[in-house]
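# Reading the structure
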Amino acid sequence: MSDVDLEAVPTAFMPAKRMLERLAVAREDSDGTYFFELMYLGEMLVKVLVIELLAGMVDDREHHRYALEYRIVRADGIGEWANVLDEAVSGTASQHLTRLVQDSQRALTANFGPEDAGWQRATVDSLQRACLEIDSKADDVNGRRVNLRMWVRNFVWLRNRTRGHGATKADRLSAACVELQKSVALLLSNAPAFQRSWAYLKRNLSGKYRVSGFGGDQEFFAYLKKERDQSLPDGAYVFIGDPRLTSLLFSDPDLTDFFLPNGNFRNQLFESLSYITDERQDRDGSSHILPVEALPPSETAAAPDLDVVGSIFSNMPPRRYGYVKRAALEAELQARLTDDRHPVVTLQGRGGIGKTSLALEVLHQMSGIDSIFAIVWFSARDIDLLADGPRVVRADVLSVEDIARDFSAMMRPGEKFKSKEALSYLTDCLSGTSMDGPFVFVVDNFETIRGQAELYAFLSNAVRLPNKVLITTRTRDFKADYPIEVRGMAREEFADLISETAIRLGISSLLDESYRDDLFEESGGHPYIAKVMLGEVANAGKKISVKRVVASKDAMLDALFERSYAALAPVSQRIFLTLCSWRSLVPRIGLEAVLLRPANEKMEFERGLAELEQSSLVENISDETDGGEFLSVPLAAALFGKRKLVTSPLKIAVDADLELIKGFGAMTSTDLSQGLGRRMERLARAIAERAEKGDDLTQEIAVIEYIASEYPPAWLTLAELQKEYMGSVSDAIDSVNRYLESRPDDQDAWRRVIALHRTNSDSLAEMHARLQLAELATSPLDELSTAAARLNGLLSRKEISLDADEKHLAVRRLRALLEARSDEADATDLSRLAWLCMYDHDAAAANKWVSAGLALEPENVYCLKLKRRFSSDVES
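Bear in mind the structure is a predicted one, so any value in this text is a computation, not a measurement.

Cut-offs used in this document
Residues numbered from 1 in each chain as written. Predicted model: local features only at pLDDT ≥ 70, side-chain atom pairs only at ≥ 80, totals over all residues. Heavy atoms only, no water. Helix = DSSP H or I, 4+ residues; strand = E, 2+ residues; numbered from the N terminus. Buried < 20%, exposed > 50% of the residue type's maximum accessible area, 1.4 Å probe, protein only. Contact = heavy atoms within 4.5 Å. Areas by Shrake-Rupley, 256 points an atom, 1.4 Å probe, with all protein chains shown as cover. Core = buried A, V, L, I, M, F, W, Y, C linked by side-chain atoms within 4.5 Å. Phe/Tyr/Trp six-rings, centres within 6.5 Å; stacked < 30°, edge-to-face > 60°. Lys NZ or Arg CZ within 6 Å of the ring centre and 35° of its normal. Pairing = 2+ DSSP bridges. Axes fitted to C-alpha atoms, helices over the stretch in contact; angles between N-to-C directions. Salt bridge = Lys/Arg side-chain N within 4 Å of Asp/Glu carboxyl O. Parallel < 35°, antiparallel > 145°, perpendicular 65-115°, else oblique. Nonpolar A, V, L, I, M, F, W, Y, C, P; charged D, E, K, R; others polar. Polar contact = N/O pair within 3.5 Å; in protein donor to acceptor, adjacent residues only side chain to side chain. pLDDT = per-residue confidence, 0-100. Expected span 1.5 Å × (residues − 1). Left-handed = near helix turned anticlockwise from the far one by under 90°. Disulfide = S-S within 2.5 Å.

Check the secondary structure of the protein chain and you find 34 helices and 19 strands. Projected onto the principal axes, the alpha-carbon positions of the protein chain cover approximately 130 × 70 × 60 Å. When the 876 residues of the protein chain are sorted by exposure, 53% land in the buried category. A separation threshold of at least 6 residues defines the contact pool for the protein chain, and within that pool the share at least 24 residues apart is 66%. Of the roughly 38,600 Å² of accessible surface on the protein chain, a fraction of 50% belongs to carbon and sulfur atoms.

Before going further, it helps to examine the nonpolar core. In terms of nonpolar packing, the biggest core is built from 96 residues, with Ile575, Phe576, Leu591 and Ile707 touching the most fellow members. When sequence neighbours within four positions are dropped, the list of residues in contact with Phe576 reads Tyr565, Leu612, Leu617, Val633, Ala637, Phe640 and Gly641.

Moving on to the environment of Arg145. Tracing the backbone through its elements, the reader meets Arg145 in the loop between helix 6 (119–134) and helix 7 (148–164). In this structure the C-alpha to C-alpha distance between Arg145 and Gly113, which are 32 residues apart in sequence, comes to 4.3 Å.

Glancing now at the packing of aromatic side chains. In this structure the tally under the stated criterion is 24 aromatic pairs. An aromatic cluster of at least three residues, connected via ring pairs, comprises Phe313, Phe373, Phe407, Phe417, Tyr425, Phe439 and Phe441. Over the aromatic face of Tyr70 sits the side chain of Arg74, whose NZ or CZ is 3.6 Å from the ring centroid. Geometry around Phe265 places Arg74 over its ring, the cationic atom sitting 4.0 Å from the centre.

Let's shift gears to the sheet that holds strand 2 (residues 209–215). Pairing in this open sheet of four strands is antiparallel, and the strands run 2-1-3-4 from one edge to the other. Edge positions in the open sheet fall to strand 2 and strand 4 (243–245), since each of these has one partner strand only. Between one strand axis and the next, the sheet turns by 35 degrees as a mean value, whatever way the strands run. Here strand 3 (residues 235–239) pairs with strand 4 via three bridges, running antiparallel. Counterpart to Val238 in the pairing with strand 4 is Arg244.

Here we take up the pattern of salt bridges. Applying the stated criterion across every chain, the model contains 50 salt bridges. In this structure, Asp840 and Arg812 form a salt bridge, with 2.6 Å as the shortest nitrogen-oxygen distance. Pair noted here: Asp840 is in the loop between helix 32 (827–839) and helix 33 (843–856) and Arg812 is in helix 31 (residues 804–820), with a separation of 28 residues, a long-range link. Since its relative accessible area comes to 6%, Asp840 is described here as buried. Residue class for Arg812 comes out partly exposed when judged on its relative accessible area of 42%. The network of salt bridges with shared partners includes Arg812, Arg815, Glu819, Asp840 and Asp842.

Another aspect to go through is the pairing of strand 1 (residues 198–203). Taken together, the six bridges between strand 1 and strand 2 define a ladder with antiparallel strand orientation. Pairing of Tyr200 across the sheet is with Ser212, part of strand 2. As judged from the four bridges shared by strand 1 and strand 3, these two strands associate in the antiparallel manner. Paired with Trp198 across the bridge in strand 3 is Val238.

Before going further, it helps to examine the packing of helix 18 (residues 554–566) against helix 22 (residues 635–647). Two elements in contact, helix 18 and helix 22, have axes separated by 10 Å at closest approach and are oriented at 80 degrees. Accordingly, the angle class assigned to the pair helix 18 and helix 22 is roughly perpendicular. The residues of helix 22 that touch helix 18, namely those facing Asp554, Leu557, Asp558, Phe561, Glu562 and Tyr565, are Ala636, Ala637, Leu639, Phe640, Arg643 and Lys644. For the contact of helix 18 with helix 22, a count of residues per class yields seven nonpolar, no polar and five charged.

For His288, the location among the structural elements is in the loop between strand 7 (280–284) and strand 8 (307–309). With relative accessibility at 6%, the residue His288 sits in the buried group. Polar side-chain contacts of His288 include one of 3.1 Å to the side chain of Glu69. Beyond its immediate sequence surroundings of up to four residues, His288 is in contact with Tyr66, Glu69, Tyr70, Val73, Arg74, Leu248 and Phe265.

What follows concerns the confidence of the model for the protein chain. Model confidence for the protein chain is summarised by a mean pLDDT of 85, while 93% of its residues fall at 70 or above. For the protein chain, the element scoring lowest by mean pLDDT is helix 24 (residues 675–692), at 71; strand 5 (residues 260–261) scores highest, at 96.

Along its 25 residues, helix 2 (residues 31–55) runs 36 Å from first to last C-alpha, staying within 8% of the 36 Å computed at 1.5 Å per residue. For helix 2, the buried fraction is high: 21 of the 25 residues fall into the buried class.

Turning our eyes to something else, we now look at the side chain of Thr92. Here Thr92 shows up in the loop between helix 4 (78–90) and helix 5 (102–109). Relative accessible area serves as the criterion here: at 4%, Thr92 is assigned to the buried category.

This part is about the sheet that holds strand 5. Across the sheet, which stays open at both edges, the three strands sit in the order 5-6-7 with antiparallel pairing between neighbours. With partners counted over all chains shown, the strands left at the sheet margins are strand 5 and strand 7, one partner each.

At a minimum axis separation of 10 Å, helix 14 (residues 491–505) and helix 16 (residues 527–540) run at an interaxial angle of 30 degrees. In terms of their interaxial angle, helix 14 and helix 16 are classed as roughly parallel. The crossing of helix 14 and helix 16 is right-handed. Residue-level inspection shows Phe494, Leu497, Ile498, Thr501, Ala502 and Leu505 of helix 14 in contact with helix 16, the latter providing Pro527, Ala530, Lys531, Leu534, Gly535 and Ala538. Looking at the contact of helix 14 with helix 16 residue by residue, the classes come out as nine nonpolar, two polar and one charged.

The next thing to look at is unusual backbone geometry. In this structure, Pro438 follows Gly437 across a cis peptide bond, with omega equal to 0 degrees. Inspection of the secondary structure assignment puts Pro438 in the loop between helix 12 (419–431) and strand 14 (439–444). Between Leu465 and the following residue, Pro466, the backbone shows a cis peptide bond with an omega angle of 10 degrees. Structurally, Pro466 can be placed in the loop between helix 13 (452–462) and strand 15 (468–473). Positive phi outside glycine occurs at Leu255, with the angle close to 55 degrees. Mapped onto the secondary structure, Leu255 falls in the loop between strand 4 and strand 5. The phi torsion at Asp278 lies on the positive side, around 70 degrees, for a residue other than glycine. Within the element layout of this structure, Asp278 appears in the loop between strand 6 (269–273) and strand 7. Overall, Asp278 belongs to the partly exposed group, its relative accessible area being 39%.

With that settled, consider the environment of Glu724. Topologically, Glu724 is positioned in helix 26 (residues 714–724). Once the C-alpha coordinates of Glu724 and Ser796 are considered, the two residues, 72 residues apart in sequence, prove to be 33 Å apart.

What follows is about the environment of Phe439. Tracing the backbone through its elements, the reader meets Phe439 in strand 14. For the pair Phe439 and Arg71, spaced 368 residues apart in sequence, the C-alpha separation works out to 36 Å. For Phe439, the residues in contact, after removing those within four places along its chain, are Phe373, Ala374, Val376, Phe407, Met411, Cys429, Pro466, Asn467 and Lys468.

This part takes up the state of the cysteines. Inspection of the entire model under this criterion finds zero disulfides. Free of any disulfide, Cys177 has its nearest neighbouring cysteine sulfur in Cys131, separated by 13 Å.

Put into structure tokens, the structure is as follows:
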């Protein structure tokens, strides 16, 4: 049926292995039977993906894992499992995933473009082709970035389309089987969940454990067979750094069967299903009987109804208390929201940087514009950053369906819209075909939306001027919008914020100018960090170290950065952690050279850095001296990264990179005026010190060569090292020549290469370089004269090998240059010109220049010598 034999996939995960045996039997029955057995296997795999993530989630005071389990035991369809998976990998709960399960998180959230290689892309594409075999109107992912979460969503669609909404023709099922089994095979072979070590643990009376493995390397559990001081409850475990109980995957010590929750929660019981045997068993649900505590709405939640605000209708929350004006950003945002060119505008920046406050301020200013019918606010915020710390809140919307439902309810209260009708009405209002409008649609905290790419594609495709869409987001993985980056506050704005907050807290007397300056520098102008800091000063009644306070606020750091960090590609995390480990500005080309040196694994540095900049985790600063770019990480992000680095598997590699990066020396913003050249000097000194110790410089030389490919003066640094510490004049010449290829007018570099050629006893190359230097328009006359003297001497001593044509060309070139500037020449210069004329077989010109020289200096020995020679030639 296909070139992919799913049943032959080598897997140690026993539940899947048994399902593959069942599939082999179904294959012999019919394609229809085989298709539905594939769907059962897919459902089981989706549930195991969720179970593994929940096992890797630590308990917290907000009960995130419990809240997800509460939903799972009540889930009567695979669609709710997909919702839980989304929350586990990208919602608030994702902050509580342990480090060692984040490979699964990355596998599910990493985005892949149409041209990207990767098993996730192939898995999604194969399933999409299967969906199109069933229904040609299925969602098409061609040309779009995808991730494995999309696979789960598409699988839910396929399940509902084939099992929940009537019969599907056998020929379509048969055609879909080929791609479906390929997709399932890729998922089973590659997803980290199915490569882990799984076991059922049963504690014996002796205190030791009976370990019944059903997946992966069982050596991880071997110690439990010997030790008695463990206290793990009986049950199924997955090893994620340590044995983690999977409380919703059920089996027994003999591994006779495997069961997963199947909904139907009633009377403190829920149903569990074995996809292997079709057997169902009731499970005790008393541990999940209490309802999930209702989360409070966000401080910036939308009002439930539209009301009159100024001269328009709106449901937006009020202006933020304590907001400090940011004039430049406010002007730019209002200009973009009122122009006739940009239908989609994005405010992008780090968490807590003030995007929402800025948006609300400008939108309230616009509430007096008569041409706007309504400003409609949708909040996806699930964390409020309060002065006393972050708090989990209830998001108003998480999908385009939520937005459509809320919008239609506000615009047409009392009417009941079906999902498609609500979406159609939203589309009409966005596109301007509805009688209502114009609108400004605002989606706050876009990064927490489920299916961000899909929602953005919908909004961008549907909106038409004069309607506008405003998005606030921490990350921006889309195009065709007008981006406005919100960075830290300007110093004047920050000063106003500090003053107003200090007055409100009654601590103005504690804050001198020096402390205010330190607060600005250390926070990078970050308003939320500043407010938290001032709150701590108020509590302590004295000034406190900014760095110490920020470092102690784990919850704040997680709220600001965890979601963004978890979504980063591995190369982005490597760059981020490397920068965090060195609290200094780092030359971009230097970091790139270090990470891409031969000793490291190949990586896509540019893509990783771009992702970090889009996530506002790294700032790129240009200097005005030589145009070099320098990278920095804000204090709070750096402290978060340092904490991550402690337990990161990248730590050894980052430490090795850091040794080279330190060679550039510590650097602050005040050093920018010195440019990259000063950093190269510092690196050269560090390498020279290593060379004097006899260390191998292979990696350092590779780093400088890479830097030189973008910053040519580095070739001169390399040449100096090659000559002085590596004893290779030839290599030094090559390096200076590489520099001159890009900077041919640098006279000092020509002088350097002339000296190197002379040291290397290469007279021909030396004269070529001298001629090149002499021909520069700004070359001083003494350079021409010296070149003439050197050429004359080499020719007289026959130390240079030139054929007649080459000799004639060299002499003519230098003669012409000297003659053109003869009015600047002294007698000695003219004597050298006369010798060139002699070698050019032009005795009359030679005599002319000797006479001119003697007219300037009658006793010039060189001219007199030439005159005597002329006289002797005449007599003979």
